[in-house]
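Here's the letter readout for the chains.
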Amino acid sequence: MSRESAALPGDPPGGRRAALVWGIGVAVYFVAVIFRTSLGVAGLDAADRFDVNASALSTFSILQLLVYAGMQIPVGLMVDRLGTKKVLTIGVVLFTAGQLGFALSPSYGTALAARALLGCGDAMTFISVLRLGSRWFPARRGPFVAQVAALFGMAGNLVSTIVVSRMLDGLGWTATFGGSAAAGVVVLVLLVLFLKDHPEGWEPPPAEHAGAAFVRRQIALSWREPGTRLGMWVHFTTQFPAMVFLLLWGLPFLVEAQRLSRETAGGLLTLVVVSNMVVGLVYGQIIARHHAARAPLALGTVAATATVWAATLAHPGDRAPMWLLITLCAVLGACGPASMIGFDFARPANPPDRQGTASGIVNMGGFVASMTTLLAVGVLLDATGGDYRIAFSAVFVLEALGVTQILRLRARTARRERERLVASRVEAVHVPA
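Residues numbered from 1 in each chain as written. Predicted model: local features only at pLDDT ≥ 70, side-chain atom pairs only at ≥ 80, totals over all residues. Heavy atoms only, no water.

### Quick look at the overall build of the protein
Of regular secondary structure, the protein possesses 18 helices and zero strands. Taken over C-alpha atoms, the radius of gyration comes to 21 Å for the protein, in line with the 22 Å a tight globule of 433 residues would show. Taking the principal axes of the C-alpha coordinates as reference, the protein spans close to 70 × 45 × 40 Å. The burial tally for the protein puts 55% of its 433 residues in the buried class. Of the contacts made within the protein by residues no fewer than 6 positions apart, 85% connect residues no fewer than 24 positions apart. For the protein, the computed accessible surface area is about 17800 Å², with 67% contributed by carbon and sulfur atoms. Taking the average place of the 35 positive charges on the side chains of the protein and the average place of its 24 negative ones, the gap between the two points comes to 8 Å. (Helix = DSSP H or I, 4+ residues; strand = E, 2+ residues; numbered from the N terminus. Rg over C-alpha atoms; globule rule 2.2 N^0.38 Å. Buried < 20%, exposed > 50% of the residue type's maximum accessible area, 1.4 Å probe, protein only. Contact = heavy atoms within 4.5 Å. Areas by Shrake-Rupley, 256 points an atom, 1.4 Å probe, with all protein chains shown as cover. Lys, Arg positive; Asp, Glu negative; His and termini not counted. Charge placed at Lys NZ, Arg CZ, Asp CG, Glu CD.)

Shown next as structure tokens:
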């Protein structure tokens, strides 16, 4: 048996039961992503319903992401302290209430409050699913399990781009968003009845500390690790181009700037999601086999995204050719899988009792970048009279910032990983047989 395929000491067993329990957590995340991204296909409908301009429309997604990003470290601490099941249960109740409230909102203000509630519940899902995977599967499967979880999240995005958009056309606003809230009730029942935090016999040691001092120490120790900070900047730099495109501005850009029909634009958004799912499987397998491929894959994705965006925005004439738009959407599909690499830098840098906190720090990165870009695009559109070329140029500013930080932290993280590997080998030599 090879060193890579051998079970690590203390690893959970995995297996069919692990897949079933973990699948319930993934189902919760799947529904959360449907709710999160449903505004992406309803942006033009929301502008008409609430009679708002581009800046006000972007506020929906910005507020949702602001709450999401702000909740990441608290949620990570909650997961470390309370366990997955309790945190996921709270999250499902909140995001289901937010989706239903959005369906029934009579005004812009109440709709904003509903999206904030949705963002709060959504924030509790992905970190919980990552923690669930680490409790039920061997560590060597971590990168692949995380990519598969993200793949199912993108399947939720696919439901938004195909099903929710058609429901809006056929059923209208209230029936679409109100009816979709029933999915939250279904996963809540499954969660309460069948989900367990860990396999029997693999209980983590009880938390020995509490209080503000412990919280500050958890955050400080996680942040001190270069791998945590590198993971955050990888997530920051890779996730936001696709997130901004899918969450709000992709459909208006394709319909208003590129003069495509809503059906064609929806097809291109679907291509982003399908590409994400395919690339996610490929990236997960590559990283599981070749740990050193993490940084090259992340930086290569950033370079490809920037190149295709620049070609699209700089193309002469009023419209980019369809082949270029297809290429753009296919390349944007790699952004989500590349962002998952951030967790693969943070995971080995932190012990099990800090995994949730470290994951929260990493996950915050991409959503801060997305929130910043959503706001910048909305403000620039209003300031330029709807010039999408200028508005989407904000993407390059954040990518340049992120790449600078990745390059700065990359060598430091590699050095720390080598030190940990040497220390673990020395410890193994001195353990009595």
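That covers the picture; the talk isn't over yet.
### Thoughts on helix 8 (residues 173-180)
Within helix 8, the full set of buried residues consists of Trp-173, Thr-176, Phe-177 and Ser-180. Down the axis of helix 8, the sector holding all buried residues measures 80°, keeping them to one side. Looking at the buried positions of helix 8, the neighbouring elements they touch are helix 1 (16-37), helix 2 (43-50), helix 4 (84-104), helix 7 (142-171) and helix 9 (182-194). (Arc of directions from axis to C-beta.)

### Some words on the nonpolar core
By size, the foremost hydrophobic cluster in this structure holds 136 residues, and its most contacted members are Trp-22, Phe-60, Phe-245, Trp-249, Phe-253, Trp-309 and Phe-392. Counting residues per element, this core draws most heavily on helix 11 (residues 226-257), at 18 residues. Once residues within four sequence positions are removed from consideration, Trp-249 is found in contact with Ala-54, Ser-58, Val-244, Leu-374, Val-377, Gly-378, Leu-381 and Phe-392. (Core = buried A, V, L, I, M, F, W, Y, C linked by side-chain atoms within 4.5 Å.)

### A few points about the packing of aromatic side chains
Going through the model one piece at a time under the given rule, you end up with 20 aromatic pairs. Aromatic pair Phe-126 and Phe-343: ring centres 5.6 Å apart, planes at 65°, arrangement edge-to-face. Taken as a pair, Phe-126 in helix 6 (residues 126-136) and Phe-343 in helix 15 (residues 335-346) lie far apart in primary sequence, 217 residues in all. Accessibility assignment for this pair places Phe-126 and Phe-343 in one class, buried. (Phe/Tyr/Trp six-rings, centres within 6.5 Å; stacked < 30°, edge-to-face > 60°.)

### As for the packing of helix 12 (residues 262-289) against helix 14 (residues 322-332)
Interaxial distance between helix 12 and helix 14 falls to 7 Å at its minimum, and their mutual angle equals 35°. Helix 12 and helix 14 meet at a crossing whose hand is right-handed. Contacts between helix 12 and helix 14 involve Thr-264, Leu-268, Leu-271, Val-272 and Ser-275 from the former and Met-322, Leu-325, Ile-326, Cys-329, Ala-330 and Leu-332 from the latter. In terms of residue class, the contact of helix 12 with helix 14 is built from nine nonpolar, two polar and no charged. (Axes fitted to C-alpha atoms, helices over the stretch in contact; angles between N-to-C directions. Left-handed = near helix turned anticlockwise from the far one by under 90°. Nonpolar A, V, L, I, M, F, W, Y, C, P; charged D, E, K, R; others polar.)

### Details of the confidence of the model for the protein
In regions of low pLDDT, the predicted coordinates are not meant to be interpreted in detail. Put simply, the protein has an average pLDDT of 86, and 93% of its residues get 70 or more. Ranking the elements of the protein by mean pLDDT puts helix 7 last, at 82, and helix 14 first, at 97. (pLDDT = per-residue confidence, 0-100.)

### Some remarks on the packing of helix 4 against helix 5 (residues 108-122)
Look at helix 4 against helix 5: their axes get within 7 Å of each other, and the N-to-C directions meet at 160°. It follows from the interaxial angle that helix 4 and helix 5 lie roughly antiparallel. Read as a crossing pair, helix 4 and helix 5 show a hand that is left-handed. The segment helix 4 lies against helix 5, with Gly-91, Leu-94, Phe-95, Ala-97, Gly-98, Gln-99, Gly-101 and Phe-102 engaging Ala-111, Ala-114, Arg-115, Leu-117, Leu-118, Cys-120, Gly-121 and Asp-122. In the contact of helix 4 with helix 5, the residues fall into nine nonpolar, five polar and two charged. (Parallel < 35°, antiparallel > 145°, perpendicular 65-115°, else oblique.)

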